[in-house]
Structure formats: structure tokens, C-alpha cells
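Chain residues, written in single-letter form:
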Amino acid sequence: MTVVVAAVRKAGRALLKDFGEVENLQVSMKGPGDFVSQADLKAEKTLRADLLKARPNFGFLMEESGLSGNEDWEYRWVVDPLDGTTNFLHGIPHWAISVAVEKRGNDRTPDEVVAGVIYNPASDELFWAEKGNGAFLNDRRLRVSGRRNMLDAVFATGIPFAAVPRKAEFTTILQKIMPQVSGVRRFGAAALDLAWVAAGRFDGYWELGVQKWDIGAGLLLVKEAGGFVSDPDGGDCWTNGNVVAGNPHLQPVLRGVVAEGIAAVANARAARSGG
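Everything quoted here is computed from the prediction, not taken from an experiment.

**A closer look at helix H4 (residues 167–177)**
Point 1. When we look at burial in H4, the residues that qualify are Glu169, Phe170, Thr172, Ile173, Leu174 and Ile177.
Point 2. Considering only its buried residues, H4 is in contact with strand S11 (154–157), strand S12 (183–185), strand S13 (204–207) and helix H8 (251–273).

**A short note on the sheet that holds strand S8 (residues 125–130)**
What holds strands together in a sheet is hydrogen bonding between their backbones, with the strands either parallel or antiparallel.
Point 1. Read from one edge to the other, the open sheet built from eight strands follows the order S4-S3-S5-S6-S7-S8-S9-S10, with strand pairing classed as mixed. The sheet is open, and its two borders are formed by strand S4 (66–69) and strand S10 (140–141), each paired with just one other strand.

**Description of the layout of surface pockets**
Point 1. Looking at the second largest pocket, its volume works out to about 220 Å³.
Point 2. Around the second largest pocket, the lining comprises 13 residues; the ones closest to its centre are Asp111, Glu112, Val113, Lys223 and Asp236.
Point 3. Of all the secondary-structure elements, those providing two or more residues to the lining of the second largest pocket are strand S7 (112–120), helix H6 (212–224) and helix H7 (237–240).
Point 4. Residue contributions to the lining of the second largest pocket peak at four residues, all from H6.
Point 5. Classifying every residue of the lining of the second largest pocket by side-chain character gives seven nonpolar, no polar and six charged.

**Digging into the nonpolar core**
Point 1. Ranked by size, the top nonpolar core spans 39 residues in total, and within it Ile118, Phe127, Leu142, Tyr205, Leu221 and Val243 carry the most contacts.
Point 2. For this core, the element with the most residues is helix H5 (residues 190–198), which contributes eight residues.
Point 3. In terms of nonpolar packing, the next biggest core, distinct from the first, is built from 29 residues, Val22, Leu25, Leu51 and Val101 among them.

**Quick notes on the packing of aromatic side chains**
Point 1. For the structure on display, the rule yields nine aromatic pairs.
Point 2. On the basis of an interplanar angle of 80° and a centroid distance of 4.9 Å, the ring pair of Phe88 and Trp95 is categorised as edge-to-face.
Point 3. Residue classification places Phe88 among the buried positions, given a relative accessible area of 0%.
Point 4. Among the residues examined, Trp95 registers a relative accessible area of 0% and is labelled buried.
Point 5. Here the guanidinium or amino end of Arg48 rests over the ring plane of Phe60, the centre of that ring lying 4.7 Å away.
Point 6. The ring centre of Trp73 lies 4.1 Å from the NZ or CZ of Arg104, which sits over that ring.

**Here we look at the packing of H5 against H6**
Point 1. Look at H5 against H6: their axes get within 8 Å of each other, and the N-to-C directions meet at 0°. Taken together, the axis directions place H5 and H6 in an arrangement best described as roughly parallel. For the pair H5 and H6, contact is made by Ala190, Ala191, Leu194, Ala195, Val197 and Ala198 and by Asp214, Ile215, Gly218, Leu219, Leu221 and Val222, respectively.
Point 2. Of the residues assigned to the contact of H5 with H6, the class counts are 10 nonpolar, one polar and one charged.

**Thoughts on the pairing of strand S15 (residues 243–246)**
Point 1. Judged by which residues are buried, S15 turns out to be covered on both faces: Val243 and Ala245 on one side and Val244 and Gly246 on the other are all buried.
Point 2. In the sheet, S13 pairs with S15 via four bridges, with the strands oriented antiparallel. Note on S15: the bridge partner recorded for Gly204 is Gly246.
Point 3. Pairing of strand S14 (residues 228–230) with S15, which is carried by three bridges, proceeds in the antiparallel orientation. Paired with Phe228 across the two strands is Gly246, which belongs to S15.

**A word on the pattern of salt bridges**
Point 1. The final tally for this structure, using the stated rule, is 10 salt bridges.
Point 2. The closest approach of N and O atoms between Glu102 and Arg76, which form a salt bridge, is 2.6 Å. Here Glu102 is found in strand S6 (residues 96–103), whereas its partner Arg76 is found in strand S5 (residues 75–83), with 26 residues between them in sequence.
Point 3. Relative accessible area serves as the criterion here: at 0%, Glu102 is assigned to the buried category.
Point 4. What makes Arg76 buried here is its relative accessible area of 10%.
Point 5. Residue Glu102 pairs with Lys212 through a salt bridge whose shortest N-O separation is 3.5 Å. Placement of the pair is Glu102 in strand S6 and Lys212 in helix H6, with a sequence separation of 110 residues.
Point 6. By relative accessible area, which is 21% here, Lys212 ends up partly exposed.
Point 7. One salt-bridge network, in which partners are shared between bridges, spans Arg76, Glu102 and Lys212.

Definitions and limits used
Residues numbered from 1 in each chain as written. Predicted model: local features only at pLDDT ≥ 70, side-chain atom pairs only at ≥ 80, totals over all residues. Heavy atoms only, no water. Buried < 20%, exposed > 50% of the residue type's maximum accessible area, 1.4 Å probe, protein only. Helix = DSSP H or I, 4+ residues; strand = E, 2+ residues; numbered from the N terminus. Contact = heavy atoms within 4.5 Å. Pairing = 2+ DSSP bridges. 1 Å grid on protein atoms, 1.4 Å probe; cavity = no way out; pocket = protein on both sides within 12 Å on 5 of 7 lines; lining within 4 Å. Points joined across faces, edges and corners; volume = space filled by probe spheres on them. Nonpolar A, V, L, I, M, F, W, Y, C, P; charged D, E, K, R; others polar. Core = buried A, V, L, I, M, F, W, Y, C linked by side-chain atoms within 4.5 Å. Phe/Tyr/Trp six-rings, centres within 6.5 Å; stacked < 30°, edge-to-face > 60°. Lys NZ or Arg CZ within 6 Å of the ring centre and 35° of its normal. Axes fitted to C-alpha atoms, helices over the stretch in contact; angles between N-to-C directions. Parallel < 35°, antiparallel > 145°, perpendicular 65-115°, else oblique. Salt bridge = Lys/Arg side-chain N within 4 Å of Asp/Glu carboxyl O.

Written out as C-alpha cells, the structure reads:
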């Protein structure tokens, strides 16, 4: 944990400097609605160098550069150097660095995240967790919210954009859930959405098709803060990127609504195709 915290704080200082000069950043298009900046690439390079030096036998899964390092890894770093890039490039101070440590499974146990850090340099909030040792915000122990009533709940989500698939599922789920809750928020950084669930700021979070580097550290934070995480069918969201997270009272209810929305779209498509 000391290694990861030092690495993210170093990368965070550089990102914060670039954030102050956001209008002058060189920006290239990585895909529709998905920007990558020179700051993003520089942060990943810094993180990789520091983490590799500290743990040369670890593998890497990084957003920009993909797979690298030891192919026969027992542990690997799962890194998003700048989650919330669009916020960053628009001067919105809601973005973070996310680093998770994944332990390779075997025939009896699945791959799992055993440590993680999410750091928002703009607010100097550092969320961190180790398996079995709890979740923390800086030095304060975190617990998920205790709300039990959907009408009192605020949930976070990610809205599909541009070429991102599953827009129909999102729209259907949103239509089903909005009448039942106090509010739905879309802040544009999945890692921080999960960190805020762990901190009790959100009562839950759902999103479909999220990448491992976006959710690795956040999933562990929620679990170590006493929450539940799964896919909409109750399975392992780490393997498919379909995430439903929340406190123990509301996550099962939210999961049911998300599953209902997905099924409704599937049935409508089957009906149109005559299947």
C-alpha cells in the first residue's frame, strides 16, 4: 500500500499541474467521445515506472498501454491513470487515478482484487483498501450507507455515449428506477462513483460494460466498507464488467431493477425479430 500511495501521489501532482493549464493541453481522439490527453499518457508512464521498480515481478493491465510486464504473474497492477478524462479536459475537478492489485486465481479460486487505491488530486481525497483490512478515506474508516428505503436513496451510474453500446438497456433501466428513488447522478468517473458508494455518499451504483481498470479498486472499497457487488444476475462483475454495487439493503433491490431492464430490452428485440 505504501508503494501504491507514493506512486499515485506523484502522478497526481503532475496531473494537478496540467489540470491548472487544461486549456493548453494537446488532445488527440482515441474514439468517439473518449479523449486521451498528453497528461493521461504521462501519468500512466510515471505510474508504470514507479510500480515496476517496486514490484518487478508483477504484470500490468493499463488503460492506455494494455497488457505488459511479467506474463506469468501471480499479481498484477490494474491501472487507470486518469479516470474521468472528459471532466479533466473540461476543467471539472472530478477525476481520479485508480490502481488495483489483482491476484491470479486457479482451478479452485477466481482472480480477485486484493488491494486498491483511488486518488482525486483536485480534492486530495485518497480512498484505499486491502482485502480483510477495511476501507479508508485518508485516515478515516469507511462504511457504506445504512439506508433501507429506495425512496431515500441516491444512485450513481454511467450514461452510454457516442459508440458505446447498450443505450437501450440504460434507458429502460433508468425509466424503471427513477420513479423509485430520491435521485440518480452521473458524475463521469466510475472509480469515484464506487469510492463514494464505499463512503456512503451514494447508496448504490450500476453500469454495464465497464473496464477492469475503471472498477478494480472501487469494487474492493465497496466490499471492504460493508457493501455488496455483483453483476445484474448475482454473478461476478469482475469478469464481465456489468456492475451493481450498493449497501446490503439496497444492492439486491437495485440489482433486480437492472436485471428487469435488461430482460425487457431482450424480450422487445426478440419480439421484433419474431424469435
